[in-house]
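Here's the letter readout for the chains.
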Amino acid sequence: SGSYLSHVAYVGYGWGTGPLRLGISGFGVREDVAGGAVNGAGINVGAQVAVLPPLLSVAADLKNLAAIQSRTGGSFKEMGKLDTLFSFSMQIQAPPPNSNFKLILGFTTNLDRPAGDGVKLNMGIAYGFSKYMYAMLGLNGSRPAIGLGANIGKTFQMAISANRDVLGREFQYFGELNFAF
């Protein structure tokens, strides 16, 4: 039994006009695994369109474009490319007076190994207690996930979530902080 710890940092820029939003982000990642470490970096791009504002929006993104990784540990060092992932999702917001509920449906596939990884379906619901606090519940692939988030004005957002690990033995925890300028 070994330990595992992962850190990821993103810096991104988004732009929107009318129903269209576009974004790009760069990231750095470090994963410490018993016996070695993995370091990586890459670029993500995405777009979102409000099809029927505010009830329906769709989004697509490409993750790990131009992404590389370096593995070290013991007596070896290996360089490689992170797999490129494509995701599509749609968000359906309940009409008033229940507009605090959102349903999110989507899928993710590995463009470098589509036959091996297949398509992972994701779905969830989000409930806004107020404009400042919300809760999330869903499935990430076949793994249950739960989370809480807070919005502080239009410039700061934070969230924490948990889902089962790939082997289904324990929970993985995720924290996120977003700043808008």
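These numbers come from a predicted model, not from an experiment.

The subject of this paragraph is the overall build of the protein chain. Across its full length, the protein chain carries 1 helix and 12 strands. Start at the N end of the protein chain and walk to the C end: the helices and strands fall as β-β-β-β-β-β-β-α-β-β-β-β-β. Counting over 181 residues, the protein chain shows a buried share of 19%. For the protein chain, the proportion of contacts with a sequence separation of at least 24, taken over those separated by at least 6, is 28%. Accessible area for the protein chain stands at about 12300 Å²; split by element, carbon and sulfur atoms hold 66% of it. Across the protein chain, the mean location of the 14 positive side-chain charges is 7 Å away from that of the 10 negative side-chain charges.

This paragraph deals with the pattern of salt bridges. Where charged atoms from two side chains of opposite charge come close, those side chains can pair. Considering all chains together, one arrives at 4 salt bridges under this definition. A salt bridge links aspartate 32 to arginine 30, with the nearest nitrogen and oxygen atoms 3.0 Å apart. Across the pair aspartate 61 and lysine 63 runs a salt bridge, and its minimum N-O distance is 3.0 Å. With relative accessibility at 24%, the residue aspartate 61 sits in the partly exposed group. The partly exposed category is assigned to lysine 63, whose relative accessible area is 29%.

Another point: unusual backbone geometry. What you tend to see is this: most non-glycine residues have negative phi, and most peptide bonds are trans. Of note, the bond from proline 53 into proline 54 is cis; its omega dihedral lies within 30 degrees of zero at -10°. Relative to the elements of secondary structure, proline 54 occurs in the loop between β3 (36–52) and β4 (56–73). With omega at 10°, the peptide bond leading from proline 96 into proline 97 counts as cis. The topology assignment puts proline 97 in the loop between β6 (85–93) and β7 (101–110). A positive phi is found at asparagine 64, a non-glycine position, where the angle reads about 70°. Counting through the fold element by element, asparagine 64 comes out in strand β4. Of note in the backbone geometry, alanine 66 takes a positive phi value of approximately 55° without being a glycine. Topologically, alanine 66 is positioned in strand β4. Using a relative accessible area of 65% as the deciding quantity, one classes alanine 66 as exposed.

On to a nonpolar patch on the surface. Together, Tyr13, Trp15, Leu20, Leu22, Ile24, Ile43, Val49, Val51, Leu52 and Leu55 make up a nonpolar patch on the protein surface, roughly 880 Å² of accessible area in all. Listing elements by their share of the nonpolar patch, those giving two or more residues are β1 (4–17), β2 (20–33) and β3. For the nonpolar patch, the element with the highest residue contribution is β3, accounting for 4 residues. Positionally, isoleucine 43 belongs in strand β3. A residue is classified by how much of its surface remains accessible, and isoleucine 43, at 36% relative accessible area, is partly exposed.

Quick look at the confidence of the model for the protein chain now. Mean pLDDT for the protein chain: 88, with 93% of residues reaching 70 or above. Mean pLDDT across the secondary structure elements of the protein chain bottoms out at strand β5 (residues 76–81), with 72, and peaks at β6, with 96.

The rules behind these values
Within any chain, residue numbers begin from 1 and follow the written order of that chain's sequence. In keeping with the predicted nature of the model, local features appear solely for residues at pLDDT of at least 70, side-chain atom pairs appear and are counted solely at 80 or more, and the whole-chain, interface and lining totals rest on all residues. Note that water and hydrogens are dropped before the side-chain values are worked out from all heavy atoms of the structure. Put simply, DSSP H or I for four residues or longer makes a helix, DSSP E for two residues or longer makes a strand, and each gets a number counted from the N terminus. Note on classification: 1.4 Å probe, protein chains only; a residue is buried when its accessible area is under 20% of the maximum for its type, exposed when over 50%, partly exposed between these limits. Only heavy atoms enter the contact rule, under which two residues are in contact if any of them lie within 4.5 Å. Computed by Shrake-Rupley with a 1.4 Å probe, the accessible areas treat only the displayed protein chains as cover when residues are assessed. Counting rule for charge: Lys and Arg are taken as positive, Asp and Glu as negative, and neither His nor the chain ends is counted. By convention, charge coordinates are those of NZ in Lys, CZ in Arg, CG in Asp, or CD in Glu. A side-chain nitrogen of Lys or Arg and a carboxyl oxygen of Asp or Glu constitute a salt bridge if their distance falls within 4 Å. Only residues whose relative accessible area exceeds 30% and that take part in no salt bridge are eligible for patches, with like-charged residues grouped when within 9 Å of each other and nonpolar side chains (Val, Leu, Ile, Met, Phe, Trp, Tyr) grouped when within 5 Å. The predictor's confidence in any single residue is recorded as pLDDT, a number from 0 to 100.

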